[in-house]
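# Remarks on the overall topology
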Amino acid sequence: MKKKRGVFSMKKQLVLLLVLLLSLGTVLAGCGSSDKESSGKGSKGDQPYEIKWYSIGTPQKDKDKVFEEVNKYTKEKINATVNLTQIDWGDYEQKMQVIISSGEPFDIGFTNGGQYVQDAQKGAFLPLDDLLDEHGKELKEIINPALLEGARVDGELYGIPANKEAARQTVYAFNKRLVDKYNFDISKVKTLEDLEPMLKEIKENEPGVTPMATFKAYLPFDYIFEQDMPFAFPLEGDRDHAVNPFESDIAMDTFKTMHKYFKAGYLKSDAATSKDTWPLDVENWFVRMEDSQPYADLLWTRSAKYDIVSVPAEEPTTFNTSVTGSIQAISATSQNPEKAMEFLNLLNTDPYLRNLIDKGIEGEHYEKNDDGKIKDLPARIENYNMPTYTLGNHFILDLYEEDPDDKWEKFEEFNESAKPAPTLGFHFNSDPVRTEIASISNVSKEFYPALATGSVDPEVNLPKFNKKLKDAGIDKVLAEIQKQFDEWKAEQK
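This one's a predicted model, so the numbers in the text were calculated from it and none came from an experiment. (Residues numbered from 1 in each chain as written. Predicted model: local features only at pLDDT ≥ 70, side-chain atom pairs only at ≥ 80, totals over all residues. Heavy atoms only, no water.)

## Focus on the overall build of the protein
The condition that has to hold: For helices the rule is a DSSP run of H or I covering at least 4 residues; for strands it is a run of E covering at least 2, with both sets numbered from the N terminus onward. Burial classification: accessible surface area is computed with a 1.4 Å probe over protein chains only, and a residue below 20% of its type maximum counts as buried, one above 50% as exposed, and the rest as partly exposed. Whether two residues are in contact is decided by their heavy atoms: any pair within 4.5 Å suffices. Only the protein chains shown count as cover for residues, with accessible areas throughout obtained via the Shrake-Rupley method and a probe of 1.4 Å.
Assigned secondary structure in the protein consists of 19 helices and 17 strands. If you line up the protein on its principal axes, its C-alpha atoms span 120 × 60 × 40 Å. Residues classed as buried in the protein amount to 51% of the 493 residues present. In the protein, once contacts between residues fewer than 6 apart in sequence are set aside, the share between residues at least 24 apart is 76%. When the accessible surface of the protein is summed, it comes to about 24,000 Å², and 52% of that surface belongs to carbon and sulfur atoms.

Structural data, given as structure tokens:
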């Protein structure tokens, strides 16, 4: 009996041990599940949450190396790591639309201008006011309020604008070597017509240089979409009524001047269709149009490796496109928008992180002088040349050794001096006239590039352009724009 009781007792102990092990396994499995679930939120003590970030720009060779350092820092600060995917300039918009349409989960994406507005209106991005109040208090304190207001769509904030110049000023930019060689006085350049004597001399004496890098002629309007679309408000005069800018006298005069320059050979013969982006580091041009900012000449010179100088083509003006020119939005598919906002808050308020992501690793990609200013090393130019304007707050970036000490103060003065555009803060909802806009877009693609580059005679082609715009329904679209603008204007009072 004792033997039998011993066997029974042993079996009982084995069963109890098995139950205990199974119970322990269940507990451990539950802990693992709990850890996994909580790691999605990236709370303190959990596994860090990985922030999936899409941004624009040529993919850089040293990106992974730099983000190893980034992730050490963000893990310590906010218990998150960052997985940055860069998509090249020409592909970014199309690929992001595919990502958004597919519902692929991601946390943060670069966006700008009209695309930002459209994606916000269709629900691709989260509204951020509550997130900003709770997880971005420091960011909200330092960002220019005009940028936040200008980034609102139908009253809601859907993205964090880069804290930089809020205004736009179009300028004529010149290759200084050629300006000095021919002793040109560019201070006298106020209009497109003032360029003619210089263009003629360059054409006659510099066979390897195109006098005018391909650019679309400047017209003084505040555009609802892009400058190739015929919906705008005048910057001067009657600023309260939507017009077709291509029916204006200034459009005809400007296109006639461009046509004269085209016939003289001051632009490339394929200017209307060329995909040449005229990179600054190729010294094959004399004059081009650029959007400026304080000390932009120094920025362009550093990028080009030869001197560039500029003169204004317009006064500083705050447009919707200038305040929404660089935005980081949080995706509606984000699995942890709170952590995404914590990262954006840190990126825009922490000088170490902002400079690390922008400039790379100190001692490898750049070096710092005794006065705190920096200079690039070859590794940055070759392996980590990030597009600064896309990444966030400029005012905490280290100055380069050639930068004036008052650079950021000049940015603030520039923003304060700017005149608001007529539609600043107004975002048109195109749904009621979507069919007409699609037809008008096709007409604009047919006519605008050739007219704006002077490739065709405007006295023949501009009337044809405007007639086709009428046939495509431009009057209906202008009426809808005016209706929405008047309603918006009434709400501002």
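## Examining the pairing of strand β3 (residues 108-111)
Quick note on the threshold: In this scheme, strands are said to pair when DSSP sees at least two bridges between them.
By the alternation rule, side chains of β3 split into Ile108 and Phe110 and Gly109 and Thr111, which are all buried. As paired elements, strand β1 (residues 49-56) and β3 share two bridges and run parallel to each other. Residue pairing across strands places Tyr54 opposite Gly109, the latter belonging to β3. Examined bridge by bridge, β3 and strand β14 (residues 327-330) share four bridges and lie antiparallel to one another. Considered in β14, the bridge of Thr111 is made with Ile327.

## Regarding the packing of helix α17 (residues 434-452) against helix α19 (residues 474-492)
Filter applied, for reference: Fitting a line to C-alpha atoms yields each axis, with helices limited to the stretch in contact; the angle taken between N-to-C directions then spans 0 to 180 degrees. Here the word oblique covers every angle except those under 35 degrees (roughly parallel), over 145 (roughly antiparallel) and from 65 to 115 (roughly perpendicular). For any pair of crossing helices, the crossing counts as left-handed if the nearer helix is rotated counterclockwise from the farther one by less than a right angle, and right-handed if it is rotated clockwise. Nonpolar residues are Ala, Val, Leu, Ile, Met, Phe, Trp, Tyr, Cys and Pro. Charged residues are Asp, Glu, Lys and Arg, and all others, Gly as well, are polar.
The interhelical angle for the contact between α17 and α19, taken along N-to-C directions, is 125 degrees, at an axis separation of 9 Å. Relative to α19, the element α17 is oriented oblique. The hand of the α17/α19 crossing is left-handed. Facing Glu436, Ile437 and Ile440 of α17, the residues of α19 in contact are Ile474, Lys476 and Val477. Its residues placed into classes, the contact of α17 with α19 shows four nonpolar, no polar and two charged.

## Quick look at a negative patch on the surface
For the record, the criterion: For patch building, the residue pool is restricted to those with more than 30% relative accessible area and no salt bridge; the joining distance is 9 Å between like charges and 5 Å between nonpolar side chains (Val, Leu, Ile, Met, Phe, Trp, Tyr). By salt bridge we mean one thing: a side-chain nitrogen of Lys or Arg within 4 Å of a carboxyl oxygen of Asp or Glu. For the purpose of counting charges, residues Lys and Arg are taken to be positive, whereas Asp and Glu are taken to be negative. His and the chain ends are not included. Every charge is mapped to an atom, namely NZ of Lys, CZ of Arg, CG of Asp or CD of Glu.
A cluster of acidic residues, Asp130, Glu134, Asp154 and Glu156, forms a negative patch at the surface. For Glu134, the position within the fold is in helix α5 (residues 129-135).

## Topic: the packing of aromatic side chains
Applied cut-off: Here is the rule: rings of Phe, Tyr and Trp (six-membered ring for Trp) pair when centre to centre is within 6.5 Å. Planes less than 30 degrees apart are stacked, more than 60 are edge-to-face, and the remainder are tilted. By definition, being over a ring means that NZ of Lys or CZ of Arg is both within 6 Å of the ring centre and within 35 degrees of the ring normal.
With the rule as written, the count across this model stands at 25 aromatic pairs. Between Phe426 and Trp488 the ring centres are 5.6 Å apart and the planes differ by 50 degrees, which places this aromatic pair in the tilted class. Of the two residues, Phe426 sits in the loop between β17 (419-420) and α17 while Trp488 sits in helix α19, which places them 62 residues apart along the sequence. By the burial criterion, Phe426 is buried, and Trp488 matches it. Aromatic side chains Phe447 and Phe465 sit 5.4 Å apart centroid to centroid with 15 degrees between the ring planes, which places their arrangement in the stacked category. Highlighted residues: Phe447 in helix α17 and Phe465 in helix α18 (residues 458-472), separated in sequence by 18 residues. Of the two residues, Phe447 and Phe465, both sit in the buried class. Aromatic rings pair up to connect Phe246, Phe255, Phe447, Tyr448 and Phe465 into one cluster. The side chain of Arg168 reaches across the aromatic face of Phe319, ending 4.1 Å from its centre. Lying over the aromatic face of Trp285, Arg288 brings its terminal NZ or CZ to 4.8 Å of the ring centre.

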